[in-house]
Amino acid sequence: MDETTRTDFFSLNQCLYDHFSFPLFFGVILLAVLFGLDVATTDMILLLGGYEQNAVMALIIEYPIVHIAIKGIVIIFITLVVQFSECKIRGSGLGALCVIIFLYSFVIFNNVTVMKN
C-alpha cells in the first residue's frame, strides 16, 4: 500500500462532507433523547434522596450545566465517529450506534426501576 492510498483512507474531508443518512440521523436524535432522559432521571433520583454510585459521575452531576455539556460533547464525538465509520465501512456506524442506543436504553430502564422502588 502506498502513501496516497493510506492518506485517502483516513481522509476526514470526504466523510465529514458526505451525506448523513436518515438511519444515522434518527439514531443520533434517539441517542440525544436518551441522554436527556438519563440526565432527567438521574436528577430525579438525586432529588428523591438517592446517590450516584460512580465516583467520577458523582463529581459531575453536582453541576447540571457541566453534566449536560459533557453529554453534549459525548454526543458530538459519537456522531463524528459513527459518520466516519459509516463512510469507511457501510453499516459499521449504524451497528455501533445501535449498540450504544441499546446500552443507554438499559441505563434509562435502570434509573426508572430505581425511582420506582
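Higher on the page you've got the structure.
Only a predicted model underlies this, so the values are computations on that prediction, with no experimental measurement involved.

With respect to the packing of aromatic side chains
Working step 1: Summed over the entire model, instances satisfying the criterion amount to two aromatic pairs.
Working step 2: Measuring from ring centre to ring centre gives 4.5 Å for F35 and Y104, while their planes differ by 55°; the resulting arrangement is tilted. Here F35 is found in helix α3 (residues 22-47), whereas its partner Y104 is found in helix α6 (residues 92-116), with 69 residues between them in sequence.
Working step 3: A residue is classified by how much of its surface remains accessible, and F35, at 4% relative accessible area, is buried.
Working step 4: Here the guanidinium or amino end of K71 rests over the ring plane of F35, the centre of that ring lying 5.1 Å away.

Regarding the nonpolar core
Soluble globular proteins: nonpolar side chains tend toward being buried together.
Working step 1: Counting residues in hydrophobic clusters, the biggest one holds 11 residues: L24, V28, L31, L34, F35, I75, I78, V82, L97, I101 and I108.
Working step 2: Looking at this core, the elements that each hand over two or more residues are α3, α5 (64-88) and α6.
Working step 3: Not counting chain neighbours up to four residues away, the residues in contact with L24 comprise V82, Q83, E86, G93, L94 and L97.

Looking at α6
Working step 1: Its 25 residues place the ends of α6 36 Å apart at the C-alpha level, agreeing with the 36 Å of an ideal helix rising 1.5 Å per residue.
Working step 2: Within α6 the residues assigned to the buried category are G93, L97, I101, I108 and N111.
Working step 3: Where α6 is buried, its residues touch α3 and α5.

Observations concerning the packing of α3 against α5
Working step 1: Closest axis-to-axis distance for the α3/α5 pair is 11 Å, and the angle between their directions is 160°. As judged from the angle between their axes, α3 and α5 are roughly antiparallel. Crossing angle aside, the handedness with which α3 passes α5 is right-handed. In this structure, α3 contributes L24, V28, L31, A32, F35, D38 and V39 to the contact, and α5 contributes H67, I68, K71, V74, I75, I78, T79, V82, Q83 and E86.
Working step 2: Along the lines of polarity and charge, the residues of the contact of α3 with α5 split into 11 nonpolar, three polar and three charged.

Description of the pattern of salt bridges
Working step 1: By the definition in use, this model includes two salt bridges.
Working step 2: Here K71 ties to D38 by a salt bridge, and the two come within 2.6 Å at their closest N and O atoms. You can see K71 sitting in helix α5 and its partner D38 sitting in helix α3, a full 33 residues away along the chain. The pair K71 / D38 is uniform in exposure class, with both members buried.
Working step 3: The partner of E86 in a salt bridge is R90, with the nearest N and O atoms 3.5 Å apart.
Working step 4: Given a relative accessible area of 8%, E86 falls into the buried group.

Calculation notes
Residues numbered from 1 in each chain as written. Predicted model: local features only at pLDDT ≥ 70, side-chain atom pairs only at ≥ 80, totals over all residues. Heavy atoms only, no water. Phe/Tyr/Trp six-rings, centres within 6.5 Å; stacked < 30°, edge-to-face > 60°. Helix = DSSP H or I, 4+ residues; strand = E, 2+ residues; numbered from the N terminus. Buried < 20%, exposed > 50% of the residue type's maximum accessible area, 1.4 Å probe, protein only. Lys NZ or Arg CZ within 6 Å of the ring centre and 35° of its normal. Core = buried A, V, L, I, M, F, W, Y, C linked by side-chain atoms within 4.5 Å. Contact = heavy atoms within 4.5 Å. Expected span 1.5 Å × (residues − 1). Axes fitted to C-alpha atoms, helices over the stretch in contact; angles between N-to-C directions. Parallel < 35°, antiparallel > 145°, perpendicular 65-115°, else oblique. Left-handed = near helix turned anticlockwise from the far one by under 90°. Nonpolar A, V, L, I, M, F, W, Y, C, P; charged D, E, K, R; others polar. Salt bridge = Lys/Arg side-chain N within 4 Å of Asp/Glu carboxyl O.

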